[in-house]
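Chain residues, written in single-letter form:
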Amino acid sequence: MTSDRKMAQTTLEQRPAGGHRVSQWALAWRRLKKNKVAIAGLGIVGIFIVMAAFDRLVALYPPKCILGVSPACQLDGRLHSNSPPGLAYPLGTDITGYDVYSEIVYGTRAAFLIGVGATGLTMLIAVVIGLAAGYFGGWMDNLLMRLTEVFLVIPFFLLLLVFLQVTIKLAPANTGSIWLVVFVIGAFSWPGAARIIRGEVLRVREFEFIAASRQIGASSYRILFRHLFPNVLHIIIVLATLQIAASILTEAAVSFLGFGAPGSNTWGQQMYNSANYVEQAWWGTLFPAVFVTLMVMGFNLLGNGLRDALDPRLRE
Amino acid sequence: MTLTPETVLEVKELTKHFPVYERGVILRRKLGDVHAVDEVSFGIRKNETFGLVGESGCGKTTIAKCVLYLEPPTSGKIFFNGKNITEIFKEGKKDLVLALRRQMQYIFQNPYSSLDPRMTVADIIMEPLEVHKHIPRSQWQNRMYELLRMVGLEDYHAERYPHEFSGGQRQRVCIARALAVDPQFIAADEPVASLDVSVRAQILNLLQELQQKLGITYLYISHDLSTVRHICHRVAVMYLGKIVEIAETDELFENPLHPYTVALLSAIPVPDPRKKTHRIILPGEVPSPVNPPPACRFHPRCPRRIDICSKVEPPLLEVRPGHWLACHNPWPSKRLAS
Amino acid sequence: MPWILGSGSSEVSALPDPLLHVQNLRTYFFTYAGIVKAVDDISLDVSKGETLGVVGESGSGKTVTAQSILRIVPSPGKIVDGTIEFEGKSLMKLREKDMQRIRGKDIAYVPQDPTSTLDPVYRVGEQLSEVIMRHHVISRKDALAKATDLLRSVEIPDPEIRISQYPHELSGGTKQRIAIARALAGDPVLIIADEPTTALDVTIQAQILDLLKELKNRLNVAMILITHDMGIVADVCDRVTVLYAGQVCESGTVEQVFEKPKHPYTQALLTSVPNLALRKEKLSVIPGNVPNLIEPPSGCRFNPRCPYAQQICIDKVPELEPIGEGRSVHCHRWKELDLKSPVAS
């Protein structure tokens with residue numbers, strides 16, 4: 001209903017004289033704070049950030065420490081392989097004798113690396129393509145969008161597996177590199193985001209403030225970066241948050257299937273290593289999966305909350 | 001219109017067609033043209049408010065956009081201070097274009113969408129200064145506050161964002177932005193249509209004050225004849241992409257000659273219960289501008305239609321000094337009768 | 001004036017048998033920013049066959065009043081207080097199911113935007129006959145025939161063709177005529193038309209206003225016409241209620257209110273709007289802006305913009321006072337003020 005929306009809007013109009021400015025971002029933050037679910041998501045992500053930053057403090061043992069064998073974790077001097085959760089190892093140990101909990105903690109950094117790294121690449125490609133297609137239109141739009149559609153119809157996951165397999169075969173030296181996985185995920189995940197950003201640019205481009213700016217004599221560069229980009233930034237933030245979750249999930253799946261980077265310590269890799277012993281030691285597979293789920297859920301809740309908080313349709 | 005020394009803007013046979021395409025993936029087939037504006041000519045004198053009146057789809061906004069080259073015209077010439085500005089815009093020499101943009105400004109209809117929601121009012125008003133750099137950077141801030149006060153806002157408003165303002169205040173910000181470059185000419189496209197009735201008068205008065213103070217020439221576009229009567233010196237009435245009548249405001253309102261003008265005037269509800277005006281109700285609706293009626297475009301709805309109206313297009317002729325008309329069978333003039 | 005159509009008496013507060021009686025209505029919106037008091041103590045009456053104009057700007061509560069009468073206030077809005085009586089029955093106490101029977105049948109609603117009121121996937125005939133069949137026991141074929149008659153009664157040319165068209169094939173004016181036809185389908189005794197011509201061009205507006213006047217005389221149906229245009233009120237309405245910021249400023253017959261406004265806001269509305277008939281050098285201005293309805297001004301809500309405001313106007317909310325001849329005014333100082341109307345001069 002327009003009239004009550006208009007009224008809600010008048011609420012902010014008559015602030016006391018001299019009151020300090022309230023930017024759209026400040027308003028979005030206020031809205032976000034009222035959304036309990038989003039704050040829960042933010043909390044989960046925050047806990048994971050702390051975990052990644054202070055992993056040595058949060059973990060019980062040093063990384064790659066074989067319980068009962070390595071000098072740093074002697075315990076009773078007996079190899080603790082596939083031991084069920086107990087006092088010394090709350091989430092059990094895996095086949096090698098690593099403490100599952102500590103290894104999960106050390107895997108957090110890798111999860112962020114994958115999520116943020118792949119998303120950075122994805123959003124870079126998506127923003128460039130989305131802005132260019134939406135702003136310049138015409139043949140440029142036609143070309144870029146057809147390209148995007150080609151990428152969209154390719155079965156992304158299969159392609160990813162094939163690509164990883166081929167690179168592992170062709171360049172065995174790279175196989176240990178988690179960056180390759182990050183690059184491949186990032187390079188194939190952008191089409192959806194590019195289309196959404198283009199759509200938003202098309203919408204914002206029609207607003208009169210763009211025409212007003214052009215009419216003043218502003219250059220294309222100025223219109224793109226001073227007006228269009230800040231006005232689609234909220235969509236980019238939401239897409240990026242959700243993309244982080246999607247990238248982590250993809251890496252976990254790829255690794256679990258055995259196509260990941262073998263030398264890396266990711267949750268997916270941990271699940272893969274324990275998968276053969278799931279009958280004797282289910283904890284080695286289950287708990288990394290639980291943490292993947294928790295982190296993905298955290299980012300998804302935050303992303304959905306951000307979407308509600310930043311949605312311009314709620315503004316006017 | 002004849003070019004007198006004081007003519008600031010002259011539009012000659014301006015035409016703007018928008019092609020209509022069939023939807024297609026790569027190749028699109030052209031289906032026809034929307035005849036938004038067809039061979040329209042008029043001139044605006046210095047210090048004058050020239051009204052362009054008509055119903056939605058008559059092409060009045062398109063004319064303003066062509067004048068400021070927000071839309072490139074299909075054909076025709078536009079002279080500003082004697083210079084052919086469509087040529088200058090088309091060639092696109094940056095310094096010449098910027099010089100023109102400084103002299104001609106536009107005020108948009110909707111103050112809710114014509115301000116960037118992510119910028120403060122200060123940034124919005126200083127943007128033209130940043131683009132044109134016609135005054136030194138050290139003076140930008142002072143100039144911005146000066147403009148704010150000029151349009152009746154307070155200094156503390158500078159730090160606010162557009163969403164914190166009411167419609168009328170936003171329109172003031174838009175006016176301040178337009179004034180930032182000291183323009184000679186402003187095209188105002190329905191500047192009060194989206195405002196509350198009780199604040200319309202404030203904005204209309206502001207526009208008039210600024211004209212007296214700064215000597216600005218306005219092209220005032222509106223569908224609302226009562227505001228046009230209030231603010232304009234001369235008025236052109238448009239119907240379906242054509243100008244049908246041009247006259248001084250008082251002359252047009254007191255002695256309308258084109259049947260469409262007469263009907264338009266009679267259609268406005270007057271806030272006086274004792275005046276039960278005799279309405280001329282036009283039958284039907286405005287035809288599609290893709291296939292406008294031949295000859296006189298108004299003839300299918302015209303109460304004074306005669307045979308020739310559907311065969312020959314009436315030219316725009318000066319029927320009385322300063323009163324131009326395109327009609328074969330005009331409304332009986334009250335002046336001539338009395 | 002045809003205002004006599006309704007009843008002989010002109011006592012607003014004591015209309016012998018008002019068709020619709022709204023008293024002390026309050027409808028609030030519970031938003032995250034606070035409670036928006038969109039309608040805060042509005043009273044109005046409509047008698048049979050009468051056209052009441054409800055005038056106000058955006059945020060005056062005119063649309064919410066209409067929605068409250070029909071009990072279709074959108075969330076997060078709620079009717080908090082007041083009585084709404086229609087033909088002597090209280091609509092507030094009615095169950096939703098009974099309310100549905102009244103909506104569209106006894107009280108019909110013509111919304112502002114003709115485009116969004118018609119469902120784009122059904123033909124015009126189907127949409128109209130659906131309404132007819134809901135309110136009458138009638139076969140589909142007869143309903144379609146009645147729909148054609150309805151289109152004819154709202155002066156749509158070639159109703160036989162229009163009936164099988166989809167809304168997107170029609171112009172704005174025709175769509176608004178169809179919306180009116182649909183409102184007439186249940187043979188209503190009261191039509192609430194919310195800014196029915198705002199989205200239309202002037203010449204089309206003239207057609208629709210003419211149609212409304214003609215229908216009112218032919219069918220003797222009562223009407224609430226919501227608008228912001230004093231010209232439309234003067235042209236179409238018998239009586240008028242002026243709203244400001246969710247409250248009534250004054251009510252009376254159109255002649256009374258236009259010739260001798262008693263509330264400063266009414267006068268300001270009449271003098272600040274450019275008037276075709278009178279050209280002035282400078283328009284008189286209502287200073288300031290429409291108030292915030294979460295924390296409205298204390299006392300009389302118009303006081304920050306009122307040239308006649310005194311301390312009492314800030315301290316005390318005025319009563320809606322009946323002042324005889326069926327008029328009522330919501331102003332502390334109406335007795336002392338001698339307000340000039342541009343109409344009277």
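Residues numbered from 1 in each chain as written. Chains lettered and ligands numbered in written order. Predicted model: local features only at pLDDT ≥ 70, side-chain atom pairs only at ≥ 80, totals over all residues. Heavy atoms only, no water.

Trainee: Sorry if this is basic, but what is going on with the state of the cysteines here?
Mentor: Disulfide: a covalent bond connecting the sulfur atoms of a pair of cysteines. Overall, the coordinates contain 1 disulfide over all chains when judged by the stated rule. At a sulfur-sulfur separation of 1.8 Å, the disulfide partner of cysteine 65 of chain A is cysteine 73 of chain A. Between cysteine 65 of chain A and cysteine 73 of chain A the sulfur-sulfur dihedral comes to about -115 degrees; the bridge is accordingly left-handed. Exposure remark for cysteine 65 of chain A: the relative accessible area of 3% places this residue in the buried category. The thiol of cysteine 232 of chain B is unpaired, and the distance to the nearest cysteine sulfur, on cysteine 58 of chain B, comes to 14 Å. Judged by relative accessible area, which is 0%, cysteine 232 of chain B ranks as buried. Here cysteine 249 of chain C stays free of any disulfide, with the sulfur of cysteine 300 of chain C as its closest cysteine sulfur at 7.0 Å. (Disulfide = S-S within 2.5 Å. Buried < 20%, exposed > 50% of the residue type's maximum accessible area, 1.4 Å probe, protein only.)

Trainee: In this structure, what is going on with the environment of histidine 35 of chain B? I would like to understand it.
Mentor: Residue and element names in this part refer to chain B. When you line up the elements, histidine 35 lands in strand 2 (residues 30-45). Along the primary structure histidine 35 and phenylalanine 108 are separated by 73 residues, whereas in three dimensions their C-alpha atoms are 23 Å apart. If sequence neighbours within four positions are ignored, histidine 35 has contacts with Lys16, His17, Gly241, Pro289, Val290, Pro292 and Arg297. Looking at histidine 35, its side chain comes within polar contact range of the side chain of histidine 17, at 3.4 Å. (Helix = DSSP H or I, 4+ residues; strand = E, 2+ residues; numbered from the N terminus. Contact = heavy atoms within 4.5 Å. Polar contact = N/O pair within 3.5 Å; in protein donor to acceptor, adjacent residues only side chain to side chain.)

Trainee: Can you walk me through the sheet that holds strand 4 (residues 77-86) of chain C in this structure?
Mentor: Working definition: the strands of a sheet are paired by backbone hydrogen bonds and lie parallel or antiparallel to each other. Residues and elements named next belong to chain C. Strand order in the open sheet formed by 4 strands is 2-1-4-5, with antiparallel pairing between adjacent strands. Looking at which strands have only one partner, the edges of the open sheet turn out to be strand 2 (34-46) and strand 5 (89-90). The pairing of strand 4 with strand 5 spans 2 bridges and is classified as antiparallel. Considered in strand 5, the bridge of phenylalanine 86 is made with lysine 89. (Pairing = 2+ DSSP bridges.)

Trainee: In this structure, what is going on with the packing of aromatic side chains? I would like to understand it.
Mentor: Here a ring pair, both rings aromatic, is described through the centre-centre distance and the interplanar angle of the planes. According to the stated counting rule, one finds 21 aromatic pairs over all chains in the structure shown. Summarising the aromatic geometry, the rings of phenylalanine 80 of chain B and phenylalanine 185 of chain B are spaced 6.1 Å apart at their centres and angled 65 degrees between planes, so their arrangement reads as edge-to-face. Here the residue phenylalanine 80 of chain B occupies a position in strand 4 (residues 75-80), and phenylalanine 185 of chain B occupies one in strand 7 (residues 185-189), the gap between them amounting to 105 residues. Within the aromatic cluster, the residues linked to one another by ring pairs are Phe48, Trp267 and Phe291 of chain A. (Phe/Tyr/Trp six-rings, centres within 6.5 Å; stacked < 30°, edge-to-face > 60°.)

All quantities given are derived from atomic positions and should not be read as evidence of function.
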